[in-house]
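# Summary of the model geometry
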Amino acid sequence: MFSLALVTDAASLPIDYDMPPLLDACKEVGFAPEVVFWDDPAVVWSRFDAVLMRSPWTWVDRLPEFIARCEEISAETHLLSPMPLVRWALDKRYLRDLAAHGVPVAPTQVVAPGEQPSTALRDFLAAHPDAREFVIKPSNACYSKDVQRYPRQNVDVAAEHIARLHESGSHVILQPYIESVDREGEIDLTYFDGAYSHAIHKGAMLMPDGTVNVPTLEYRKARVADEDERAVAAAALEASAATLGIEPPLLYGRIDLIRDRDGKPMVLEMELCEPSLNLSFSEGSALRFARALAERLKP
């Protein structure tokens, strides 16, 4: 029987709502799945036929260690996320690559360590005179950690936020806050082996007072993606594969979209390495994923 490691960690497993249905689906298609922790030094990776990153979300505080572990896994067995994809997908600077391929993305400016935060912010706001609010996030972010929404006039406080992120070695993403998110939320589309599987609606996460809504199950609901949303998501996946030189389609991915001021969909972010796939919101989606895995892993 084909042995498959589903990788998570002790802190993340309790909030990985995909894991129970995925375990059942993997067994149904003939895998022998096992839940393992990426940071467990006792794991012998070579005993698995393949390794699937599922919810190793503590990587956000231990990125170099996580990358090193992925390299170790890749050297010992079949890591289903190739290393170039792992490095690229965990850094939201990928938005610039998508834009270069003509994919509509949320307006994004990157502030590198060493750049002056106040100057970068003022230049950004000058380039977006209609933005009443803006968002700061580290380029390596997970579950909205260190992400905050600011009113336009709070440049000094926001600059301090950028400086703190720079001190940790992170590049910083600046984006205008798109008001449609407050009215319409976002839509997250999930794809398996290049095929659209399902989507959910997710309400606004970043509140005007600086707090963040944690995206629990109650905070999300099933939705059918519109044709224009599917077109943008598919283009993002194709551009990702082209950027990385990986033969499409990618095995799996989640693309998060919002609508611009003209009502057109654009990519806010995407998750191609260790995404929450919202399997509990779509009947049969876990089995679709397991079948895609089985097809990809055919001898």
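Residues numbered from 1 in each chain as written. Predicted model: local features only at pLDDT ≥ 70, side-chain atom pairs only at ≥ 80, totals over all residues. Heavy atoms only, no water.

## Let's talk about the nonpolar core
L98 and V267 are the most contacted members of the largest nonpolar core, which totals 71 residues. The element best represented in this core is helix α8 (residues 227–244), accounting for seven residues. Ignoring any residue separated from it by four or fewer positions in sequence, one finds V267 in contact with L95, L98, V103, P104, V105, A106, V232, A236, I255, D256 and L257. Counting 15 residues, the second-largest nonpolar core is a separate cluster that includes L125, I136, Y150 and L165. (Core = buried A, V, L, I, M, F, W, Y, C linked by side-chain atoms within 4.5 Å. Buried < 20%, exposed > 50% of the residue type's maximum accessible area, 1.4 Å probe, protein only. Helix = DSSP H or I, 4+ residues; strand = E, 2+ residues; numbered from the N terminus. Contact = heavy atoms within 4.5 Å.)

## Quick notes on the packing of helix α1 (residues 19–28) against helix α9 (residues 285–296)
Axis separation between α1 and α9 bottoms out at 8 Å; the angle between their running directions is 50 degrees. In terms of axis orientation, α1 runs oblique to α9. Considering only the axes of α1 and α9, their crossing is right-handed. Side by side, α1 and α9 meet where P21, L22, A25, C26 and E28 of the first sit next to A286, L287, F289, A290 and L293 of the second. In the contact of α1 with α9, the residues fall into nine nonpolar, no polar and one charged. (Axes fitted to C-alpha atoms, helices over the stretch in contact; angles between N-to-C directions. Parallel < 35°, antiparallel > 145°, perpendicular 65-115°, else oblique. Left-handed = near helix turned anticlockwise from the far one by under 90°. Nonpolar A, V, L, I, M, F, W, Y, C, P; charged D, E, K, R; others polar.)

## A word on the environment of D49
With respect to the element layout, D49 can be found in the loop between β2 (31–37) and β3 (50–53). In the structure, D49 is positioned 81 residues away from D130 in sequence and 53 Å away in space, judged by C-alpha atoms. Each residue touching D49, except ones within four places of it in the same chain, is listed here: M1, F2, S3, T77 and H78.

## Focus on the pairing of strand β12 (residues 252–259)
β12 sits mainly inside the fold: eight of its eight residues count as buried. Going residue by residue along β12, you find Y252, R254, D256 and I258 tucked away on one face and G253, I255, L257 and R259 tucked away on the opposite face as well. Across six bridges, the pairing between strand β9 (residues 186–192) and β12 is antiparallel. Bridge pairing in β12 places Y191 opposite G253. (Pairing = 2+ DSSP bridges.)

## Topic: the sheet that holds strand β1 (residues 2–8)
Here four strands make up an open sheet; going across it, the order is β2-β1-β3-β4 and the pairing parallel. Across the chains shown, the open sheet's two edge strands, defined by having one partner strand only, are β2 and β4 (78–79). Examined bridge by bridge, β1 and β2 share seven bridges and lie parallel to one another. In the strand pairing of β2, A5 is matched with E34. Relative to the sheet, α1 contacts β1, β2 and β3, its axis offset from that of β2 by approximately 150 degrees. Sitting on the sheet, helix α2 (residues 63–76) touches β3 and β4, and the angle it makes with β3 is about 155 degrees.

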